[in-house]
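Single-letter residue listing:
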Amino acid sequence: CMMNESPSLKQKPYATPAEEETIERIDVGDHFRKQLSSSIMAYFSLVESLAEEKTDSARSNSRHFLESLNELAIKNEPPEAQSFWNKHSSGLLSNLSKMQELGDIEGLRRVFETVSEDFSRIVMAFGHSLGHDVKLYHCTMAFGGRGAYWLELGENKTNPYFGRTPYKGQDMLKCGELQETIPSTPPKSGALEQRRV
């Protein structure tokens with residue numbers, strides 16, 4: 001792929017995570033998956049603030065998301081899970097720290113692209129217990145046609161890379177193609193899940 005190729009010549013965006021790799025499901029405990037589900041909700045708040053173009057809110061939501069990830073008890077999980085987490089979380093955590101220092105929505109969106117790719121891999125590998133499908137969407141027009149990914153809960157699609165501001169006269173808020181559906185994982189041990197109500 002030539003670096004100076006003009007966007008109009010590209011038939012296809014850069015290889016997508018879904019195309020370039022297969023993410024195998026890694027078995028983790030119910031408690032960890034429940035903690036991860038809290039982090040997913042924090043991630044959704046970040047998506048919403050980017051879609052709404054609320055810079056201050058995006059910065060504070062990136063901090064909450066980072067804090068929720070730092071609380072995950074990965075040390076109690078199998079070595080395979082820890083290894084996968086270590087591989088994909090270091091960039092994720094440092095990029096979330098970086099987001100808190102940015103003052104413009106475009107800068108936040110650029111860093112969020114990498115955050116989203118890393119976090120999508122983690123959610124695909126470990127699953128979640130949200131009770132609804134989590135969907136991976138791809139917007140082919142983001143970043144000048146390079147494309148970018150994000151996760152949503154169910155069918156509620158709000159493109160964090162464009163938001164409500166029309167792009168070349170088009171409303172881009174709902175722009176995005178479904179790439180993957182990540183179903184909710186039922187708990188292994190119903191009794192343990194019932195205790196914390």
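What counts, and at which threshold
Residues numbered from 1 in each chain as written. Predicted model: local features only at pLDDT ≥ 70, side-chain atom pairs only at ≥ 80, totals over all residues. Heavy atoms only, no water. Salt bridge = Lys/Arg side-chain N within 4 Å of Asp/Glu carboxyl O. Helix = DSSP H or I, 4+ residues; strand = E, 2+ residues; numbered from the N terminus. Buried < 20%, exposed > 50% of the residue type's maximum accessible area, 1.4 Å probe, protein only. Phe/Tyr/Trp six-rings, centres within 6.5 Å; stacked < 30°, edge-to-face > 60°. Expected span 1.5 Å × (residues − 1). Axes fitted to C-alpha atoms, helices over the stretch in contact; angles between N-to-C directions. Parallel < 35°, antiparallel > 145°, perpendicular 65-115°, else oblique. Left-handed = near helix turned anticlockwise from the far one by under 90°. Contact = heavy atoms within 4.5 Å. Core = buried A, V, L, I, M, F, W, Y, C linked by side-chain atoms within 4.5 Å. Bend = angle between axes of the 7 residues up to and from the residue. Pairing = 2+ DSSP bridges.

Enquirer: Lay out the pattern of salt bridges with the relevant residues and their values.
Expert: Scanning the entire structure with this criterion turns up 8 salt bridges. The partner of D56 in a salt bridge is R59, and the shortest N-O contact between them spans 2.6 Å. Residue D56 and its partner R59 are located together in helix 3 (residues 55-70), separated by 3 residues, close to a single helical turn. When its relative accessible area of 55% is taken as the criterion, D56 is described as exposed. Residue classification places R59 among the partly exposed residues on the basis of a relative accessible area of 22%. Across the pair D118 and R121 runs a salt bridge whose closest N-O atoms are separated by 3.8 Å. Note that D118 and R121 are positioned in helix 5 (residues 105-126) at a spacing of 3 residues, about one turn of the helix. Among the residues examined, D118 registers a relative accessible area of 12% and is labelled buried. R121 sits in the buried class, given a relative accessible area of 9%.

Enquirer: Residues and numbers for the packing of aromatic side chains, please.
Expert: Within a pair of aromatic rings, the relevant descriptors are the distance that separates the centres and the angle that separates the planes. Counted under the stated rule, the structure contains 11 aromatic pairs. Judged by centre distance (5.8 Å) and plane angle (45 degrees), the ring pair of F112 and Y161 falls under tilted. Within this pair, whereas F112 is found in helix 5, its partner Y161 is found in the loop between strand 2 (148-153) and strand 3 (177-182), the two being separated by 49 residues in sequence. Across this residue pair, the class does not change: F112 and Y161 are buried. One aromatic cluster is present, formed by Y43, F44, F65, F112, F119, Y137, F143, W150 and Y161 through successive ring pairs.

Enquirer: I'd like to hear about helix 2 (residues 30-51), residue by residue, with values.
Expert: Under the 1.5 Å per step criterion, the end-to-end length of helix 2 is 31 Å for 22 residues, consistent within 8% with the ideal 32 Å. Among the 22 residues that make up helix 2, 16 are buried, leaving the element largely enclosed by the rest of the structure. Once helix 2 finishes, E53 follows within two positions and takes phi at roughly 60 degrees, a positive value.

Enquirer: Tell me about unusual backbone geometry, residues and numbers included.
Expert: The phi dihedral of E53 is positive, around 60 degrees, even though this residue is not glycine. Looking at where E53 falls in the secondary structure, it is placed in the loop between helix 2 and helix 3. A positive phi angle, close to 55 degrees, is found at F143, a residue other than glycine. Of note, F143 is situated in helix 6 (residues 142-145).

Enquirer: Describe the packing of helix 2 against helix 5, naming the residues involved and giving the relevant values.
Expert: As a packed pair, helix 2 and helix 5 sit with axes 11 Å apart at the nearest point and diverge in direction by 155 degrees. By the angle between their axes, helix 2 is roughly antiparallel relative to helix 5. In terms of crossing hand, the pair formed by helix 2 and helix 5 is left-handed. Here F32, R33, L36, S39, I40, Y43, L46, V47, L50 and A51 of helix 2 come into contact with helix 5, specifically with I105, L108, R109, F112, S116, F119, I122, V123 and F126.

Enquirer: If you had to explain the nonpolar core to someone new, which residues and values would you point to?
Expert: Counting residues in hydrophobic clusters, the biggest one holds 47 residues, and the most contacted among them are Y43, F65, L96, F112, F119, F126 and L151. The set of elements that each furnish at least two residues to this core consists of helix 2, helix 3, helix 4 (79-99), helix 5, strand 1 (134-139) and strand 2. With 11 residues, the single largest contributor to this core is helix 5. With residues near it in sequence (within four places) discarded, F126 still touches R25, I26, V28, F32, R33, L36, I74, A81, F84 and W85.

Enquirer: Any details on helix 5? Residues and values, ideally.
Expert: Compared with an ideal rise of 1.5 Å per residue, which puts 22 residues at 32 Å, helix 5 spans 30 Å between its outermost C-alpha atoms and is within 8% of the ideal. The sharpest bend along helix 5 reaches about 25 degrees and sits at F112. Most of helix 5 sits out of view: 19 of its 22 residues are buried. Phi for G127, located one or two positions after helix 5, is positive at around 75 degrees.

Enquirer: So, the sheet that holds strand 1: which residues are in play, and what are the values?
Expert: Spatial ordering of the open sheet is given by 2-1-3, a layout of 3 strands whose pairing is antiparallel. The outermost strands of the open sheet, each flanked by one partner alone, are strand 2 and strand 3. Across the sheet, the mean angle from the axis of one strand to that of its neighbour is 25 degrees, orientation sign disregarded. In this sheet, strand 3 lies alongside strand 1 in antiparallel orientation, the contact comprising 5 bridges.

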